Amino acid sequence: MIILKSPEEIGKIRAADRIVAKTLIALKEMVKPGMTTLELDRAAEEMVRAEGARPTFKGYRGFPAALCVSVNSEVVHGIPGKKKLKEGDIVSLDLGADLDGYFGDAAITVGVGEISSHAQRLMDVTRESLYKGIEQAKEGNRLSDISHAIQTHVEAAGFSVVTDFVGHGIGTQQHEDPQIPNYGPKGVGPLLKRGMVLAIEPMVNAGGHQVKVLDDGWTVVTRDGGLSAHFEHSIAVMPEKADILSEYAER
Ligand code: MG
């Protein structure tokens, strides 16, 4: 069941998303060759807690960190550790925060120093596909209109969307209905209504769409070893156009 949120509740979700977005922007500025992914996690946790919020991924089904840090062929759910970032890497940062029982969630992918034009294009297309999806997240459209817009943009660029992981509703839980695939036909699924709050999050592979989970039980990687990028915003469905609650994160 998709829970509709009142304007007041959307305000509370936005407050959580602002903390997430502000933190992601600060992390983006910090990213540089030679730093460890654990340093990013520590900084993220500190910033979220300094705002009086709780990092929601930490402890979620046993996830050990506040921030998911996924480098190069890692798609999502990378566990921060001693690994050092190097020039030319791309790194996806996914963060959730709970403020007074309302959840924010967003993700960005960042280049480390100078990156290849191939990596830059993958990041650009992934971010663009997120905004194509968000354009469809308005009252009267169907859920799969979001999915279809993302898939169409990604595939036109010659990349592929990950199908094993999807976006989701969000509010007083980290994951609520509906699931939001990043692929599908137009015009299918629930009618979008004002007050739905959705975390839309295309995960895009430069090569094939296939992924696997590493032995750590979390880290999702591309099967062919190609690069992957991930961008996410939490949005509220509105009559004319979606209200991007984590707007700070990337534009
Ligand atoms: Mg999410």
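Shown above is the structure to which this text applies.
Worth saying up front: this structure is predicted, and the values here are computed from it rather than measured.

The rules behind each value
Residues numbered from 1 in each chain as written. Predicted model: local features only at pLDDT ≥ 70, side-chain atom pairs only at ≥ 80, totals over all residues. Heavy atoms only, no water. Helix = DSSP H or I, 4+ residues; strand = E, 2+ residues; numbered from the N terminus. Rg over C-alpha atoms; globule rule 2.2 N^0.38 Å. Buried < 20%, exposed > 50% of the residue type's maximum accessible area, 1.4 Å probe, protein only. Contact = heavy atoms within 4.5 Å. Pairing = 2+ DSSP bridges. Donors = N, O, S within 2.8 Å, 3.2 Å for Na, K, Ca; no water. Polar contact = N/O pair within 3.5 Å; in protein donor to acceptor, adjacent residues only side chain to side chain. Core = buried A, V, L, I, M, F, W, Y, C linked by side-chain atoms within 4.5 Å. Expected span 1.5 Å × (residues − 1). 1 Å grid on protein atoms, 1.4 Å probe; cavity = no way out; pocket = protein on both sides within 12 Å on 5 of 7 lines; lining within 4 Å. Points joined across faces, edges and corners; volume = space filled by probe spheres on them. Nonpolar A, V, L, I, M, F, W, Y, C, P; charged D, E, K, R; others polar. Axes fitted to C-alpha atoms, helices over the stretch in contact; angles between N-to-C directions. Left-handed = near helix turned anticlockwise from the far one by under 90°.

Secondary structure summary: the protein chain contains four helices and 15 strands in total. On C-alpha atoms alone, the protein chain measures out to a radius of gyration of 17 Å, which is about the 18 Å that the 2.2 N^0.38 rule sets for 251 residues. Its C-alpha atoms give the protein chain principal-axis dimensions of roughly 45 × 40 × 30 Å. By residue count, 56% of the 251 residues in the protein chain fall in the buried class. Of the contacts made within the protein chain by residues no fewer than 6 positions apart, 71% connect residues no fewer than 24 positions apart.

Here we take up the pairing of strand S9 (residues 197-200). A two-sided burial pattern is seen for S9, the buried positions comprising Val197 and Ala199 on one face and Leu198 and Ile200 on the other. Bridging between strand S7 (residues 167-169) and S9 involves two bridges; their strand directions are antiparallel. Within the sheet, the bridge partner assigned to His168 lies in S9 and is Ala199. Both S9 and strand S14 (residues 233-236) contribute to a ladder of four bridges, which runs antiparallel. Counted as the bridge partner of Ala199 is Ser234 from S14.

Quick look at the coordination of the magnesium ion now. Protein coordination of the magnesium ion is provided by Asp105 (OD), His168 (NE2), Glu201 (OE) and Glu232 (OE), with donor distances spanning 2.2 to 2.5 Å. The sequence motif formed by the donor residues of the magnesium ion is D-x62-H-x32-E-x30-E. One end of the pair, Asp105, is in strand S5 (residues 102-111); the other, His168, is in strand S7, and 63 residues separate them in sequence. Here Asp105 and His168 have matching classes, each one buried.

Here Asp89 is to be found in the loop between strand S3 (74-76) and strand S4 (90-99). Side chain to side chain, Asp89 and Asn72 meet in a polar contact 2.8 Å long. Polar side-chain contacts of Asp89 include one of 2.8 Å to the backbone nitrogen of Lys86. Once you skip the residues sitting within four places of it in the chain, Asp89 turns out to touch Val71, Asn72, Lys84, Val110, Gly111, Val112 and Ile115.

So, on to the nonpolar core. Leu40, Val91, Leu93, Ile146, Leu198, Ile200 and Ile235 are the most contacted members of the largest nonpolar core, which has 56 residues in total. Broken down by secondary-structure element, the contributors of at least two residues to this core are helix H1 (7-30), helix H2 (37-50), strand S2 (67-71), S4, S5, helix H3 (117-135), helix H4 (143-156) and S9. In terms of residue count, the dominant contributor to this core is H3 (seven residues). Excluding residues within four positions of it along the chain, Ile200 makes contact with Leu130, Ile134, Ala137, Ile146, Ile150, Ile180, Phe231, Glu232, His233 and Ile235. Core analysis: the second largest hydrophobic core is formed by 10 residues, Ile10, Ile13, Tyr102 and Ile170 among them.

What follows is about H1. Residues separated by three or four positions in an α-helix point in the same direction, a consequence of the helix having 3.6 residues per turn. The first and last C-alpha atoms of H1 sit 34 Å apart over 24 residues, in line with the 34 Å expected at 1.5 Å per residue. Of the residues making up H1, those classed as buried are Ile10, Ile13, Ala16, Asp17, Ile19, Val20, Ala21, Thr23, Leu24 and Leu27. Its buried side turned inward, H1 meets H2, S2, S4, S5, S9 and S14.

Attention now moves to the layout of surface pockets. There is about 560 Å³ of room inside the largest pocket. Lining the largest pocket are 25 residues, and of these Tyr60, His77, Val166, His168 and His175 lie nearest its centre. For the lining of the largest pocket, the element with the highest residue contribution is strand S8 (residues 176-180), accounting for four residues. For the lining of the largest pocket, the class distribution of residues is 10 nonpolar, seven polar and eight charged.

Attention now moves to the pairing of S2. With five of five residues buried, S2 lies mostly within the body of the structure. Burial along S2 is two-sided: Leu67, Val69 and Val71 facing one way and Cys68 and Ser70 facing the other are all buried. As paired elements, S2 and S4 share five bridges and run antiparallel to each other. Within S4, the residue paired with Ser70 across the bridge is Ser92.

Look at H1 against H2: their axes get within 10 Å of each other, and the N-to-C directions meet at 145°. By crossing handedness, the relation of H1 to H2 is classed as right-handed. For the pair formed by H1 and H2, the contact residues are Ile19, Thr23, Ala26, Leu27 and Met30 on the first element and Glu39, Leu40, Ala43, Ala44, Met47 and Val48 on the second. Of the residues that constitute the contact of H1 with H2, the class distribution is nine nonpolar, one polar and one charged.

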